[in-house]
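Residues per chain, in single letters:
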Amino acid sequence: MAVLGSGSWGTTFAKVLADAAPDTDVMLWSRRPEVAEEISVHHRNSRYLGDTLLPGNVSASAVIDAVLADSDLVVLAVPAQTLRAQLPAWRPLIPPHAVVVSLMKGLEVGTDARMSEVIAEELALPPERIAVLSGPNLAMEIAREEPTASVVACPDHDTATWIAAACTASYFRPYTSTDVIGVEIGGIVKNVIALAVGICEGRRMGDNTKASVITRGLAETTRLAVALGGRPETMAGLAGMGDLIATCSSALSRNHTAGHLLGQGLTLDQVTVRMNQTAEGIKSAQAVLDSATKLGVDMPITASVVAVLQGRLSVNDLGPRLLARNLKPEGDHAP
Ligand SMILES: NC(=O)C1=CN([C@@H]2O[C@H](COP(=O)(O)OP(=O)(O)OC[C@H]3O[C@@H](n4cnc5c(N)ncnc54)[C@H](O)[C@@H]3O)[C@@H](O)[C@H]2O)C=CC1
Ligand SMILES: O=C(CO)COP(=O)(O)O
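Residues numbered from 1 in each chain as written. Chains lettered and ligands numbered in written order. Predicted model: local features only at pLDDT ≥ 70, side-chain atom pairs only at ≥ 80, totals over all residues. Heavy atoms only, no water.

Brief notes about the sheet that holds strand β4 (residues 73–76)
Part 1 of the reasoning: Spatially, eight strands are ordered β3-β2-β1-β4-β5-β6-β7-β8 in an open sheet, and the strand pairing comes out mixed. Edge positions in the open sheet fall to β3 (58–61) and β8 (172–177), since each of these has one partner strand only. Here the strands of the sheet are splayed against their neighbours by 25° on average, with no regard to which way each runs.
Part 2 of the reasoning: Two elements, strand β5 (residues 99–102) and strand β6 (residues 130–134), share three bridges in a ladder whose sense is parallel. Among the inter-strand pairings, V100 is bridged to a residue of β6, identified as I130. (Pairing = 2+ DSSP bridges. Helix = DSSP H or I, 4+ residues; strand = E, 2+ residues; numbered from the N terminus. Axes fitted to C-alpha atoms, helices over the stretch in contact; angles between N-to-C directions.)

Digging into the UniProt feature "binding site: NAD(+)" (unreviewed entry) in the chain
Part 1 of the reasoning: On the UniProt side, "binding site: NAD(+)" (unreviewed entry) is annotated at positions that read G5, S6, G7, S8, W9, G10, A139 and R254 here. As for the largest pocket, its lining draws on G5, S6, G7, S8, W9, G10, A139 and R254 from among the annotated residues.
Part 2 of the reasoning: Residue position: S8 is located in helix α1 (residues 8–20).
Part 3 of the reasoning: Excluding its chain neighbours within four sequence positions, the residues that come into contact with S8 are Y48, L49, A139, R254 and Q277.
Part 4 of the reasoning: Relative to the helices and strands, R254 resides in helix α13 (residues 254–263).
Part 5 of the reasoning: Residue contacts for R254: discarding those within four places in its chain leaves S8, M275, Q277, T278 and A279. (UniProt positions renumbered as here; feature names shortened; annotations may be inferred. 1 Å grid on protein atoms, 1.4 Å probe; cavity = no way out; pocket = protein on both sides within 12 Å on 5 of 7 lines; lining within 4 Å. Contact = heavy atoms within 4.5 Å.)

As for empty space enclosed by the protein
Part 1 of the reasoning: Overall, the coordinates contain two cavities of 30 Å³ or more when judged by the stated rule.
Part 2 of the reasoning: As for the largest cavity, its lining consists of S102, L103, M104, K105, V132, L133, S134, V183 and E184.
Part 3 of the reasoning: Elements represented by at least two residues in the lining of the largest cavity include exactly β6 and α9 (180–202).
Part 4 of the reasoning: Ranked by residue count, the leading element in the lining of the largest cavity is β6, at three residues.
Part 5 of the reasoning: The residue inventory of the lining of the largest cavity, partitioned by class, reads five nonpolar, two polar and two charged.
Part 6 of the reasoning: Approximately 30 Å³ is the volume attributed to the second largest cavity.
Part 7 of the reasoning: Together, G186, V189, K190, L218, T221, G240 and L244 line the second largest cavity.
Part 8 of the reasoning: Contributing elements (two or more residues each) for the lining of the second largest cavity: α9, α10 (207–228) and α12 (238–249).
Part 9 of the reasoning: Element by element, the count of residues in the lining of the second largest cavity is highest for α9, at three residues.
Part 10 of the reasoning: Residues that form the lining of the second largest cavity fall into these classes: three nonpolar, three polar and one charged. (Points joined across faces, edges and corners; volume = space filled by probe spheres on them. Nonpolar A, V, L, I, M, F, W, Y, C, P; charged D, E, K, R; others polar.)

Listed below in C-alpha cells is the structure:
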C-alpha cells in the first residue's frame, strides 16, 4: 500500500493501514528526504505527529517509483491545490490494477473540481477505481488511537467495501457509501464553516452563535451537495454533520484555528505565516462560492467568509451581515 504525502493525515492514515494489516508493507512518499529517513529509521514523523510511534511495517521514501511499485492501494494526501500538477508524473507509475483513494478536503481553485474529478482527469481511471475517505478525522486524535468513524465512498460498492476492510483498525471504523459527491462536499465545505465559527469565537461570541453557524452551515452545505448530485442523507452522516461538529469544535483543527486568528484581528497574511500545516478552507472557500454561484445556490456563510478572506468585509460586520438577510422558513430547501 502506498500513501503519497507524509503530512499529518497521510502519516496517520499510513499508521491506520499498517495497524489494520500488520503483515502488509505500507510505504509513505515524502517530499523531503529527511522526513522519509525519520519515518523509516526512527518510526516517527515528529514535525506533524510529535512522538507518535509508527508501526514497524510503515516505511517511507522520497523516491516515488519505489513507493508506488507493486501497490494495490494508492492513497493521496497532499494539499488539494497542489494535486493536479503532481499527477502526470505519478500516472505511469501507478500499477494498472491499483485503486486510488483521496483523503483530501479541498476544491480546486479555478476549475471548482473535486479531488476525485482531478484524479479521474489526470490519471484517466474509471470511477470504480477512484474512492474518497472523509469524516470527523482529526489526525492527531487518530494517531493517539482514539476511537473514530469515517466513510469510504466509491461508485462501486465492492471497491468501497474492500478499502473499508483494508483500513479497519481497533480504533478506526470506516462505513461505506456510493455517494462520492456528498462525502467530498461535506469534507470541503466544513472547512469554510469552521473558518466562520473560528472568526465568531475570535470575536468572543459564545455557543448560541456557534450552534447557529454550524446548523445553518450544514443547511448551505446540503444545498450545494444536492445541487451537484449528492444525497441529503449523506450530509446528516459522518462526512457531513460529523465532520462539521469535529472541525468546528476542535482546537486541533487548522481551519478553526485560522478563523479564530482572523477573528482576533490578524490579517490573512499574518494567519498564513502562523500556520505550518494546510488549512484547505482558506483557498477552497472561493472555489466553493464559484461553484454555488454557477448552480444558483445561496451560500451566505461561505460568501461572507470569502469577503473576509479578500478583505472586503471586516470580522466585526460578518454577524450583522448574516442577520440582516430576508427572513424565511427554516426548512426552505430552495437553492
Ligand atoms: N490533518 C487532518 O487532521 C486531516 C487532513 N485532511 C486533509 O488531508 C489533506 C492533507 O492534509 P494534511 O496531511 O493535514 O496536511 P499537512 O499540512 O499536515 O501536510 C501536507 C503534506 O503535503 C506536503 N506538501 C505540501 N506542499 C506540497 C507540494 N506542493 N507538493 C507535494 N507535497 C506537498 C507537505 O510536505 C506535507 O507532507 C488536506 O486536504 C486535508 O484537508 C483530512 C482529514 C484530516
Ligand atoms: O478534516 C479534518 C477533520 O476531519 C481536519 O480539519 P483541519 O484541516 O481543519 O485541521
